[in-house]
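A closer look at the structure
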Amino acid sequence: GLMFSQSIVAPIAALITAAEKVRAGDLSVRVADIGDEDELAILGSSFNRMTSQLERQRRELTDANRMLDERRRFTEAVLSGASSGIIGLDSAGVITLANTRAEELLMGTHAGAETLIGRPIDDFFPESKAQHNTTFQMEYATPNGPRRTLLLRLTDEQGGNGAVATIDDISALASAQRKAAWADVARRIAHEIKNPLTPIQLSAERLHRKYLPQITEDRETFEKCTETIIRQVNEIGHMVSEFSAYARMPLPVKKIENVVDVCRDALVLQREAHSDLDISFTADVGAIIANCDRSQLTQVLTNLVQNAVDSVHERRATGALTAKGRVSVACSERNGNVLIEVNDNGIGLPEKVKDQLLEPYVTTKKKGSGLGLAIVKKIMEDHNGEVMLENVYVEGLKSGAKAVIVFSRGMDADEPASVRGMIA
């Protein structure tokens with residue numbers, strides 16, 4: 001009886017032990033083959049087949065999860081490194097996924113804890129509502145950031161469960177298109193207006209010179225009218241010259257120049273013309289050598305300093321400037337680039353159009369043509385540089401403006417030894 005009971009209890013005990021190991025996660029456990037063809041032997045064989053199948057399925061699931069994790073990490077790496085903003089939307093148009101570039105374009109670089117997840121796409125692109133598989137562009141200003149021209153592409157997912165939106169910053173392309181269009185307009189304006197200016201001016205000067213001595217009645221009015229005609233024609237001629245200069249901006253003729261000397265020379269005439277202002281210049285070193293167009297760089301400095309002077313005079317006219325007008329120019333070298341700052345204590349820049357002042361024909365001056373800063377931007381682009389405009393605040397109050405230009409020194413490795421000595 002004991003031997004019979006043992007033959008029954010032992011396989012059951014083995015199954016119980018094996019089942020406990022399976023419960024603990026060990027799917028490699030197997031029960032010994034009894035060798036008989038009774039029900040216990042069939043149960044043991046079924047148990048072994050079950051654990052083998054479970055082990056194989058778990059291995060396949062583990063491999064699939066590992067592959068999915070690798071794909072997920074690869075997708076995240078691709079999304080984080082993409083130059084375009086990529087956003088995933090659910091069927092209701094709510095953002096469910098966004099890469100770093102999308103957050104930068106829509107929220108700015110200092111978004112902090114604020115996130116895009118959970119916000120409707122309509123909050124940023126109202127035009128996207130109820131539109132599918134479409135492409136459109138719009139002007140968008142990030143919070144506390146620059147105004148950008150963004151291109152949005154919406155593509156529905158298969159099955160209608162959501163959509164994918166890609167966002168590209170085409171501000172540079174749109175700016176280039178506007179500049180090309182304005183250059184064409186300027187060229188046409190200069191051509192149409194310049195021709196009649198000379199005969200008008202010559203006629204007014206001849207009337208003033210020939211008939212002024214003969215007039216005995218209301219002589220003062222005649223003199224004022226002719227002088228006004230001559231003066232206004234000169235102003236129109238100056239504007240037409242700016243149109244022509246913008247339309248035919250020449251390519252820079254670069255040579256090895258000492259930027260410090262260029263800055264000093266550009267400020268000589270400004271100091272003489274505006275002796276009522278404190279116009280100063282500082283440089284980190286005596287020589288900053290760069291491969292640049294001296295004439296164009298002088299034009300950049302002249303425009304920036306003139307804008308600063310006009311800003312100081314405008315603030316003084318309002319009575320808000322009690323101290324002496326100040327314009328300071330500082331030149332330095334940073335990481336192989338030339339950096340020039342022009343600071344003033346003038347009226348500052350209007351925040352609403354500050355980011356648009358570098359575009360053609362955008363100006364806050366009553367008699368400005370809006371081409372000065374556009375020409376500065378074009379010259380800096382030709383020198384592999386850029387222009388930045390900022391307001392200066394002291395104790396929370398606007399107390400002037402700052403214009404910063406940064407451009408590449410453009411020095412090759414095989415530059416002359418004399419130049420290397422000047423840099424050292």
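All of these numbers come straight from a predicted model, not from anything done at the bench.

1. Side note on the overall build of the protein
Check the secondary structure of the protein and you find 9 helices and 12 strands. Within the span of the protein, comprising 424 residues, buried residues form 35% of the whole. Sequence separation of at least 24 residues holds for 58% of the intrachain contacts in the protein that already meet a minimum separation of 6. Within the structure as shown, the protein displays about 25,200 Å² of accessible surface, and the carbon and sulfur contribution to it stands at 54%.

2. A closer look at the packing of helix H6 (residues 259–273) against helix H7 (residues 294–318)
Running from N to C, H6 and H7 point in directions that differ by 50°, and their axes come no closer than 9 Å. When the interaxial angle is binned, H6 and H7 end up oblique. For the element pair H6 and H7, the recorded crossing hand is right-handed. Residues Val259, Asp261, Val262, Cys263, Asp265, Ala266, Leu267 and Gln270 of H6 touch H7, and the partners they reach there are Arg294, Leu297, Thr298, Leu301, Thr302, Val305 and Gln306.

3. Things to note about unusual backbone geometry
The phi angle at Asp218 is positive, at roughly 55°, despite the residue not being glycine. The residue Asp218 is located in the loop between helix H4 (171–211) and helix H5 (219–247) in this model. Unusually for a residue other than glycine, Asn384 sits at a positive phi of about 55°. Mapped onto the secondary structure, Asn384 falls in the loop between helix H8 (372–382) and strand S11 (386–394).

4. Quick notes on the pattern of salt bridges
In total, this model carries 13 salt bridges according to the counting rule given. Asp69 serves as the salt-bridge partner of Arg73, at 2.0 Å between the closest nitrogen and oxygen. A residue pair is termed a helical-turn pair when its members lie 3 or 4 positions apart in one helix, as Arg73 and Asp69 do in helix H2 (residues 39–81) at 4 residues. The class of Asp69 is partly exposed, set by a relative accessible area of 25%.

5. Focus: the side chain of Arg315
Note on placement: Arg315 falls in helix H7. An unpaired buried charge is present at Arg315: no salt bridge exists, and Asp344, the closest side chain of opposite charge, is 7.0 Å distant. Polar contacts involving the side chain of Arg315 include one to the main-chain carbonyl oxygen of Asn345, which spans 2.8 Å. The contacts of Arg315, once residues within four sequence positions are left out, are Ala320, Leu321, Asn345, Gly346, Ile347 and Ser399.

6. Let's talk about the environment of Asn99
Mapped onto the secondary structure, Asn99 falls in the loop between strand S2 (95–98) and helix H3 (100–107). Using a relative accessible area of 5% as the deciding quantity, one classes Asn99 as buried. The sequence separation of Asn99 and Ala77 amounts to 22 residues, and the corresponding C-alpha distance is 9.7 Å. If we ignore the near neighbours within four places in the chain, the residues touching Asn99 are Leu79, Ala82, Ser84, Gly85 and Ile86. In this structure the side chain of Asn99 is engaged in a polar contact, spanning 3.1 Å, whose partner is the backbone oxygen of Ser84. There is a polar contact of 3.0 Å between the side chain of Asn99 and the backbone nitrogen of Ala102.

7. Here we look at the sheet that holds strand S9 (residues 326–334)
With mixed pairing, 5 strands are arranged side by side in an open sheet as S7-S9-S10-S12-S11. Edge positions in the sheet fall to strand S7 (278–283) and S11, since each has one partner strand and no second. Going from strand to strand, the sheet's axes swing by 15° on average, the running direction of each strand aside. Bridge count for S7 against S9 is 6 bridges, and the pairing is parallel. Within S9, the residue paired with Ile279 across the bridge is Val327. Where H7 meets the sheet, its contacts fall on S9, strand S10 (337–344) and strand S12 (397–408), and the angle it forms with S10 comes to roughly 20°.

8. A word on the nonpolar core
The biggest cluster of nonpolar side chains holds 42 residues, and the ones touching the most others in it are Val259, Cys331, Ile340 and Phe407. Among the elements that make up this core, the one with the highest residue count is H7 (8 residues). Sequence-distant contacts of Ile340, that is, excluding residues within four places in its chain, are made with Val259, Cys263, Leu301, Val329, Ala330, Cys331, Ala403, Val404, Ile405 and Phe407. Counting 19 residues, the second-largest nonpolar core is a separate cluster that includes Ile95, Ala102, Ala163 and Ala165.

Cut-offs and rules
- Residues numbered from 1 in each chain as written.
- Predicted model: local features only at pLDDT ≥ 70, side-chain atom pairs only at ≥ 80, totals over all residues.
- Heavy atoms only, no water.
- Helix = DSSP H or I, 4+ residues; strand = E, 2+ residues; numbered from the N terminus.
- Buried < 20%, exposed > 50% of the residue type's maximum accessible area, 1.4 Å probe, protein only.
- Contact = heavy atoms within 4.5 Å.
- Areas by Shrake-Rupley, 256 points an atom, 1.4 Å probe, with all protein chains shown as cover.
- Axes fitted to C-alpha atoms, helices over the stretch in contact; angles between N-to-C directions.
- Parallel < 35°, antiparallel > 145°, perpendicular 65-115°, else oblique.
- Left-handed = near helix turned anticlockwise from the far one by under 90°.
- Salt bridge = Lys/Arg side-chain N within 4 Å of Asp/Glu carboxyl O.
- Lys, Arg positive; Asp, Glu negative; His and termini not counted.
- Polar contact = N/O pair within 3.5 Å; in protein donor to acceptor, adjacent residues only side chain to side chain.
- Pairing = 2+ DSSP bridges.
- Core = buried A, V, L, I, M, F, W, Y, C linked by side-chain atoms within 4.5 Å.

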